[in-house]
Amino acid sequence: MSLPLIKTSRRDFIKTSGLATLGLVMGLDAKSNPKNISELETMAMDIEISPFILIKPDNSITIVNPRPCMGQGTIQAVPAMIMEELEVDFDQVKIIQSDGKSKYGAQTSGGSTSISRLWLPLRKAGAATKEMLIQAAANKWNINATGCYAAKGKVFRNDTTASFTYGELAAEASRLPVPSEPVLKQKHEFKIIGKSRRRFDLPDRVTGKALYGLDIQVPGMVYACILHSPMIFGKLVSFDETETLKIPGVIKVLKCERTMIYCTTDSVAVIASNWWAAKKGRDALKATWDNAGLEKALDNDEFYGRCYAASKKDGIRFEESNDFNAKFDEAKHKLDVNYETPFLSHVPIEPENATAHVKPDGTAELWAPMQGPGETLEEVSKYLGIPTEKIKIHVALMGGSFGRKAYMDFIKEACFLSNKLKVPVKVIWTREDHIRQGPYRPGMVSHLQGFVEDGKIVGYHHHVIGESILGQVFRGLEDDQPEPWIGSESSVRNNKYQFKKTHKVSWTNIKTVIPVMWWRSVNASNLGWGQECFIDELAHLAGKDPLQARMEILEDQRFITVLKTLSEKANYNEKLAEGKGRGVAIISAFGSIVACCITVSKSGAGVSIDKVVAVIDCGMYVNADTVRAQTEGNIVMGITAAIKPGIVFKGGVCQQDNFNNYPIMRINEMPEVEVFLIENHEAPGGVGEAGLPPVAPALGNAIFAATGIRMRKLPINILNLTA
Amino acid sequence: MAKYTITVNKKAYKIEAEPDVPLVWIIRDYIGLKGTKFGCGIAACGACTVHLNGTPVRSCQLPISGVPAKAEFTTIEGIAGDGLHVIQQAWIDLQVPQCGYCQSGQIMSATALLKKNPKPTDQDINSAMAGNLCRCGTFDRIRKAIHKAADMANNNIEVGIKH
């Protein structure tokens, strides 16, 4: 990254901003920052400045984006928050990606938090800088700061046409105290935030110029293709590289390892001068694995069998009002059913890849698509035993991720191999590696019980059954503990439903070795399927329209506004032709509320999806078009998750391995979509994931409306429906 | 190793490679044109789509030794010279890409479609584009952008087309 030219004479340039925020520095060598800011979001103490804003005397302005872009537009939306308050526009700045160094704070794009968590800190950084620049100009003019204003990268006088560029003011401004409570703009004053701005990065993405991780090429680089255990965790007994070494281009075969968060597995790497030779060499390896126990343990039937057995018993209670079991026993009009979701693979079109160079001088350099440069730097430092200051990270664009590239196994493989060979090594996974090796969105079972009285849903119990990411991946769940993430997402505090008589949320952990991890929208896509389809079932049991029945048990105004808007935009009350049906679902996730209405038509033994209307209340947002784009993308990924095959383990092996047997939606299956945004002054919520969870239940409910068939198990074969 | 000469974007390249190296790796790693992407290796995702004498093909399925004589390949880097192809302009106008990784392949399929069929229907678009996957889910915008590009081309709207 470029460093500013101006050096401050004051090395102790410590700025305070009691804002749980970062500050800013102008004209200060970023490297002079001695403090560690490990968690941007949790900082409550006085901090030294983080150089997100660099202004040079020639008036070139660099903004550092601390949230890598996987397609969700953070490369523009995150800097926009600084720029809005700083009063500069995209044609005046250069935007660069942070490199993992701790001075940038938390840098992981994940959990749909990029806008919501940085909304105040980055705007305050921009606003404080602007106030300092204004004060610097006022000092030069010897007038009061109220006699000046900032616009388009300059400070102007109110009473004359005189102005200074920010570059002309940077040195003076950097000597001023950082305002601890800079004045932020009101929503009606925004020029960038809340508008539909074209993404500046798209021209490069349509001309082939954008460089993704896979496109990185480093002088002296060799390629690696890695043989992982077909049963993921198998122990390597022996391998024979005789045939591999006959392949022209193959340089070396060596034992390697795959470092997952909670374990390390064996593998064998083939190093070659080009990747095709490495792959051919990999395919020619003969390896023997000790797969003891894995044939039985990696098996969907075994896992779901235990889940359904658990559905017949009580789980661990997360929350309960009144005595659900007693009330349920007494109830006259009740339902007791199970819903199921499959394991899923992320399948970004760009497979896992990473290029690492561990150098003989004890330094290292890394080029890779990654969601979390900060965590990657820390992890790679620990893994290689090289201090962070001797590692340089280049964050490449991600060709999709959906959670996968926040998992660092493939990055550490490149580090492992380069550490052995001391030349730059590029690891590329095949599509088959990606699908067979996981980790996956966990499959789950929702046991749901509920009852109605006098036409109203008054009792509800969601018993969530399955594997926990917190438990399996982070080893952070006790056996007698209800899953806190899943519990709070299933809670009535989250879904806002008011069940007058009784409600309960409970949990049973069915442990499995099938590796799980976060997948776009994490638990919400699993939990939403059962919850929202079951509310529909209870509505029908109550003899109510499903949307109306939801309104009756909701008091939260934001939820009600979203549902009313959906009803209006989807023409919900207009009668549909025979053979058509509508379904709705509403889910709150990542601080946003999204409702969907899907219309389907009977077609042969199945249905076709005609239209999806989505309404999103994400509070205030940065780029309206990005919100729409992300929601459209969530609709597509949500439909894929609902109607395309899931991941199935049988006898230890994943039965899917490429897009021929793990298909995703194609353009010919794309329904009409419409996305509407709610305007309000609420704090920003997440946008990258919130649109996905309501899609599958809206579809399930639409299928019921059109056909009378209640689907409770995903995926749905929409060409041939059988309940 | 064998020697081959292949023409990509009107330029002839002398390549020394094993006969079975798929064209996608030749284009990317031997020639250095990184716009063509690898996604699946079995012609199921379309990320590696290039034009072979104007027709879209999956470059992951074509070994260098199987390249026909007089074959002229065009990649994303070669469809518009220094300007933008009308399809690329429409892609920007409708803000189609999210991550953008599949879009080279999408655009190669779309430009070939428009050349063959200047006024495609939704059905024509579905048929021509069904081989190109997009995990970000940009299909609705792709469809609209192709219609827009067709309108722009049919009305001779200048977008710096060099094609």
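Just above, that's the structure.
Note that the coordinates shown come from a computational prediction; the quantities given were computed from them, not determined experimentally.

Trainee: An account of the interface of chain A and chain B is needed here, citing residue identities and associated values.
Mentor: Listed by partner, the interface residues are 46 residues for chain A and 44 residues for chain B. For the side of chain A that touches chain B, the secondary-structure elements that each account for two or more residues are α4 (202–206), α6 (275–284) and α19 (624–643) of chain A. The element contributing the most residues to the side of chain A that touches chain B is α19(A), with 7 residues. For the side of chain A that touches chain B, the residue count by class is 24 nonpolar, 13 polar and 9 charged.

Trainee: If you had to explain the packing of helix α16 (residues 523–541) of chain A against helix α20 (residues 695–707) of chain A to someone new, which residues and values would you point to?
Mentor: Residues and elements named next belong to chain A. Between α16 and α20, the least distance of the axes is 8 Å, while the angle of their chain directions is 35°. Between α16 and α20 lies a crossing of right-handed hand. Taking contact as the criterion, the partners of G528, W529, E532, C533 and D536 in α16 are, on α20, A696, P697, G700, N701 and F704. Taken together, the residues that form the contact of α16 with α20 break down as 5 nonpolar, 3 polar and 2 charged.

Trainee: For the nonpolar core, give the residues involved together with the corresponding values.
Mentor: Residue and element names in this part refer to chain A. Counting residues in hydrophobic clusters, the biggest one holds 267 residues, and the most contacted among them are L133, A224, I411, I457, A595, C596 and L699. Ranked by the residues each element gives to this core, the list is headed by helix α2 (residues 114–141), at 12 residues. Apart from residues no more than four positions distant in its own chain, L133 is found in contact with A150, V155, Y166, L169 and A173.

Trainee: With reference to specific residues and values, describe helix α1 (residues 23–31) of chain B.
Mentor: Extensive coverage of α1(B) is indicated by the burial of 8 of its 9 residues. Those residues of α1(B) not exposed but buried are L23(B), V24(B), W25(B), I26(B), I27(B), R28(B), D29(B) and I31(B). Where the residues of α1(B) are buried, they touch α6 of chain A together with β1 (2–8), β2 (11–17) and β3 (49–52) of chain B. With its phi angle positive at about 95°, G32(B) sits one or two positions after the end of α1(B).

Trainee: Describe the environment of V687(A), naming the residues involved and giving the relevant values.
Mentor: Residue and element names in this part refer to chain A. Checked against the element boundaries, V687 lands in the loop between β26 (672–677) and α20. The class for V687 is buried, based on 32 C-beta atoms found within 10 Å. Along the primary structure V687 and I115 are separated by 572 residues, whereas in three dimensions their C-alpha atoms are 8.7 Å apart. In this structure V687 touches S112, I115, S592, C618, Y621, V627 and Q630, once residues within four positions along its chain are discounted.

Trainee: Account for the packing of α2(A) against helix α3 (residues 166–173) of chain A, with residues named and values stated.
Mentor: All names here are of chain A. The contact between α2 and α3 brings their axes to 8 Å, and the two run at 90°. In terms of their interaxial angle, α2 and α3 are classed as roughly perpendicular. Along the contact surface, α2 presents M132, L133, A136, A137, N139 and K140, while α3 presents Y166, L169, E172 and A173. Split by residue class, the contact of α2 with α3 holds 7 nonpolar, 1 polar and 2 charged.

Trainee: A description of the pairing of strand β2 (residues 61–65) of chain A should follow, citing residues and the corresponding values.
Mentor: All names here are of chain A. Counting buried residues in β2 gives 4 out of 5 residues, a clear majority hidden from the surface. Of the strand pairs in this sheet, strand β1 (residues 53–55) and β2 are connected by 3 bridges, and their pairing is antiparallel. Bridged to I53 within β2 is I63. In this structure, the hairpin formed by β1 and β2 is closed by a connection of 5 residues, where N59 is found at a positive phi of approximately 75°. As judged from the 5 bridges shared by β2 and strand β3 (residues 93–97), these two strands associate in the parallel manner. Each bridged residue has a counterpart across the sheet, and for T62 the counterpart in β3 is K94. Handedness of the crossover joining β2 and β3 through helix α1 (residues 74–86) is recorded here as right-handed.

Each value, and the rule that gives it
- Residues numbered from 1 in each chain as written.
- Chains lettered and ligands numbered in written order.
- Predicted model: local features only at pLDDT ≥ 70, side-chain atom pairs only at ≥ 80, totals over all residues.
- Contact = placed C-beta atoms within 7 Å.
- Helix = DSSP H or I, 4+ residues; strand = E, 2+ residues; numbered from the N terminus.
- Nonpolar A, V, L, I, M, F, W, Y, C, P; charged D, E, K, R; others polar.
- Axes fitted to C-alpha atoms, helices over the stretch in contact; angles between N-to-C directions.
- Left-handed = near helix turned anticlockwise from the far one by under 90°.
- Core = buried A, V, L, I, M, F, W, Y, C linked by C-beta atoms within 7 Å.
- Buried ≥ 20, exposed ≤ 12 C-beta atoms within 10 Å, placed from the backbone.
- Parallel < 35°, antiparallel > 145°, perpendicular 65-115°, else oblique.
- Pairing = 2+ DSSP bridges.
- Right-handed = clockwise from strand over helix to strand, strands pointing away.

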